[in-house]
Amino acid sequence: DHQLPTVSRRALLKGIAIGAPSPMWLRFAEPAFAAAGAPAKATRHLLVVFLRGGNDSLQTIAPMAHDGLRALRPSSPRDSEMFALGNGYGITRQLPSFYDAWRRGELAVVQQVGPAVADFSHGTATRKWESGHPDERFDSGWLGRYLDQTPAAGPVRAAAFGDVLPLTLAGLNSDALSTPSLASFAFADRNRSDAQARHNALARMARAAAPSGSLLDTMLRSQRELLKASDPLTTLATTAVKERPSSAESAAQLFSAGLGTEVGFISLNGFDTHSDIRGRHQSAITKLDAAIAEFNAAATARGVAHQSAVLVVSEFGRRVAENRSGGTDHGYATSVFLLGLGVRGGMYGPDLDLSQLADGNLPVRVDVRSVYASVLGGWLRTNPAPILGGEFATLPLFR
């Protein structure tokens, strides 16, 4: 008898993504095939918002009535253009959702954050932030390694809304979904008259017998697990086709869908403000506020707001001095923001001291791995050391 070859589950899943052995009329992302057991709700959810281009933290939250800052950048927000936080700092009026969270004690601002080894290149700096290591030691992302090293609560543990999977969610043994929208979760034949017959045929195929441990056995097992996840995914897709939710709203919907989704990821562009810092940054930061407001509303409506936190990061900050084009060039440290009902609000990290700059940049005073360690330990409730490759000081960012 010819012995069918055995194959690892991870190798098979990669093969599925490339060769598509399932019927072509199915459009499901890889994690649906990786489902294991009955869907279950995750106890904590984390939405990561990455501000692509390098957010200018001094245009976002800055000291008020600061003559030194005004001298270095004439386009910095006037006091009348900021909400006063009551501690000498103000937040741009383009972020009313952030200000509301601050007043409720649900916004944490960590100042002067960055990798231990800074870099002005968008690509290199992004890899440092997303891998969670200043020397890009890992081929995986910091949350991808979290997924690798912790048990799953359901079939879709992490999802990025966009065209590509970010390094942040890339693991060596775990799977994360990358999709433009929730509407992608659907049988592509849903408008055909014989759709139900097709689905029944797929179910019968998935129940076929196969030698244990063989390629066919693994394929059929993946097919059965896909079908377990199909109902909640199809429900999400049907709703998404009608309502066209934003990426932030989609993340909240997925968190509440009973698929064990712990991590969501969205990106916002427009933060590379080399010119016209006032106009361009205001336009970009307004999109961030809209995303936070949309997520909060959807999470509250779906009953997962108390289980959800939002982490806002960017690949670097900007130089303190304004350039000749009325913009700011690539810098070192930036600010990180955390929002949520479980967040312990306040300002973290040292106060800004514009007399202590590093080649005209805000120096890195807080290692980004300290922020990640705080999120992993304080919110996701796991030991951060194996994930980050060492012990790092943590901040009391959560209640």
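On a predicted model such as this, the values are computed, not experimentally measured, just so you know.

Caption draft 1: Spatial organisation of the overall build of the protein chain. A tally of regular secondary structure across the protein chain gives 12 helices and 14 strands. Within the protein chain, the fraction of its 399 residues that count as buried is 54%. Considering only intrachain contacts with a sequence separation of at least 6, the fraction spanning at least 24 residues in the protein chain is 72%. Counting every atom, the protein chain has about 16,500 Å² of accessible surface; 51% of that belongs to carbon and sulfur.

Caption draft 2: Region of the structure containing the sheet that holds strand β4 (residues 82-84). Spatially, 3 strands are ordered β3-β5-β4 in an open sheet, and the strand pairing comes out antiparallel. The open sheet has two free edges, formed respectively by β3 (61-63) and β4, since each of these has just one partner strand. The mean angle between the axes of side-by-side strands here comes to 35°, regardless of whether they run parallel or antiparallel. The pairing of β4 with strand β5 (residues 89-92) spans 3 bridges and is classified as antiparallel. The partner of M82 across the bridge, within β5, is T92.

Caption draft 3: Highlighting the pairing of β5. Pairing of β3 with β5, which is carried by 3 bridges, proceeds in the antiparallel orientation. The residue bridging A62 from the neighbouring strand is G90, located in β5. In this structure, the hairpin formed by β4 and β5 is closed by a connection of 4 residues, where G86 is found at a positive phi of approximately 85°.

Caption draft 4: Just the environment of F392, in detail. With respect to the helices and strands, the residue F392 is situated in the segment after α12 (385-388). Aside from chain neighbours lying at most four places away, what touches F392 is D367, R369, S370 and A373.

Caption draft 5: Seen up close, helix α11 (residues 368-378). Along α11, 9 of the 11 residues are buried, which leaves the element largely enclosed by surrounding structure. Listed as buried for α11 are V368, R369, S370, V371, Y372, A373, S374, V375 and L376. For α11, the capping residue at the N-terminal end is D367, with a side-chain oxygen 2.8 Å from the backbone nitrogen of R369.

Caption draft 6: Representation of the packing of helix α4 (residues 96-103) against helix α10 (residues 277-301). Relative to each other, α4 and α10 sit at 55°, their axes nearing to 8 Å. The angle between α4 and α10 places the two elements in the oblique class. Judged by residue contacts, P96, S97 and F98 of α4 engage L288, D289, I292 and A293 from α10. Among the residues making up the contact of α4 with α10, the classes are represented as 5 nonpolar, 1 polar and 1 charged.

Caption draft 7: The pairing of strand β11 (residues 308-314), seen in detail. Most of β11 is tucked away: 7 of the 7 residues are buried. With burial as the criterion, each face of β11 is covered, one bearing S308, V310, V312 and S314 and the other bearing A309, L311 and V313. With 7 bridges joining them, strand β2 (residues 45-51) and β11 adopt parallel strand pairing. Counterpart to V49 in the pairing with β11 is V312.

Caption draft 8: Seen up close, the nonpolar core. One finds V49, I91, F98, L107, L288, F295 and V312 to be the most contacted residues of the largest nonpolar core, which totals 54 residues. If we ignore the near neighbours within four places in the chain, the residues touching L288 are V49, L51, L95, F98, L268 and V312. Core analysis: the second largest hydrophobic core is formed by 37 residues, A309, Y372, I387 and L397 among them.

Caption draft 9: Quick look at the packing of aromatic side chains. Per the stated rule, a full pass over the model turns up 7 aromatic pairs. On the numbers, 4.4 Å between centres and 5° between planes, the contact of F83 with Y99 is stacked. Taken as a pair, F83 in strand β4 and Y99 in helix α4 lie far apart in primary sequence, 16 residues in all. For the pair F98 and F337, a centre-to-centre distance of 5.6 Å together with 85° between the ring planes defines the contact as edge-to-face. Residue F98 is located in helix α4, and its partner F337 is located in strand β12 (residues 334-340); the two are separated by 239 residues in the primary sequence. F337 sits in the buried class, given a relative accessible area of 1%. Taking the ring centre of W379 as reference, the NZ or CZ of R44 above it sits at 4.1 Å. The ring of F138 has R145 lying over it, and the distance from NZ or CZ to the ring centre is 3.7 Å.

Caption draft 10: Layout of the packing of helix α9 (residues 247-255) against α10. As a packed pair, α9 and α10 sit with axes 7 Å apart at the nearest point and diverge in direction by 25°. As summarised for this structure, α9 and α10 are arranged roughly parallel, according to the angle between their axes. Taken as a pair, α9 and α10 cross one another with a handedness that is right-handed. Across the interface between the two elements, A248, E249, A251, A252 and F255 of α9 pack against A291, E294, F295, A298 and A299 of α10.

Caption draft 11: Looking closely at the pattern of salt bridges. Using the criterion set out here, one finds 8 salt bridges in the structure. A salt bridge links E130 to R52; the nearest nitrogen and oxygen atoms lie 3.0 Å apart. Separated by 78 residues along the polypeptide, E130 in helix α5 (residues 122-131) and R52 in the loop between β2 and β3 bring together distant segments of the chain. In this structure, E130 and R52 share a single accessibility class: buried. Linking R73 and D56 is a salt bridge whose minimum nitrogen-to-oxygen distance equals 3.0 Å. Remark: D56 occurs in the loop between β2 and β3 and R73 occurs in the loop between α3 (67-72) and β4; sequence separation between them is 17 residues. Note on accessibility: R73 and D56 belong to one class, buried.

Thresholds applied
Residues numbered from 1 in each chain as written. Predicted model: local features only at pLDDT ≥ 70, side-chain atom pairs only at ≥ 80, totals over all residues. Heavy atoms only, no water. Helix = DSSP H or I, 4+ residues; strand = E, 2+ residues; numbered from the N terminus. Buried < 20%, exposed > 50% of the residue type's maximum accessible area, 1.4 Å probe, protein only. Contact = heavy atoms within 4.5 Å. Areas by Shrake-Rupley, 256 points an atom, 1.4 Å probe, with all protein chains shown as cover. Pairing = 2+ DSSP bridges. Axes fitted to C-alpha atoms, helices over the stretch in contact; angles between N-to-C directions. Polar contact = N/O pair within 3.5 Å; in protein donor to acceptor, adjacent residues only side chain to side chain. Parallel < 35°, antiparallel > 145°, perpendicular 65-115°, else oblique. Nonpolar A, V, L, I, M, F, W, Y, C, P; charged D, E, K, R; others polar. Core = buried A, V, L, I, M, F, W, Y, C linked by side-chain atoms within 4.5 Å. Phe/Tyr/Trp six-rings, centres within 6.5 Å; stacked < 30°, edge-to-face > 60°. Lys NZ or Arg CZ within 6 Å of the ring centre and 35° of its normal. Left-handed = near helix turned anticlockwise from the far one by under 90°. Salt bridge = Lys/Arg side-chain N within 4 Å of Asp/Glu carboxyl O.

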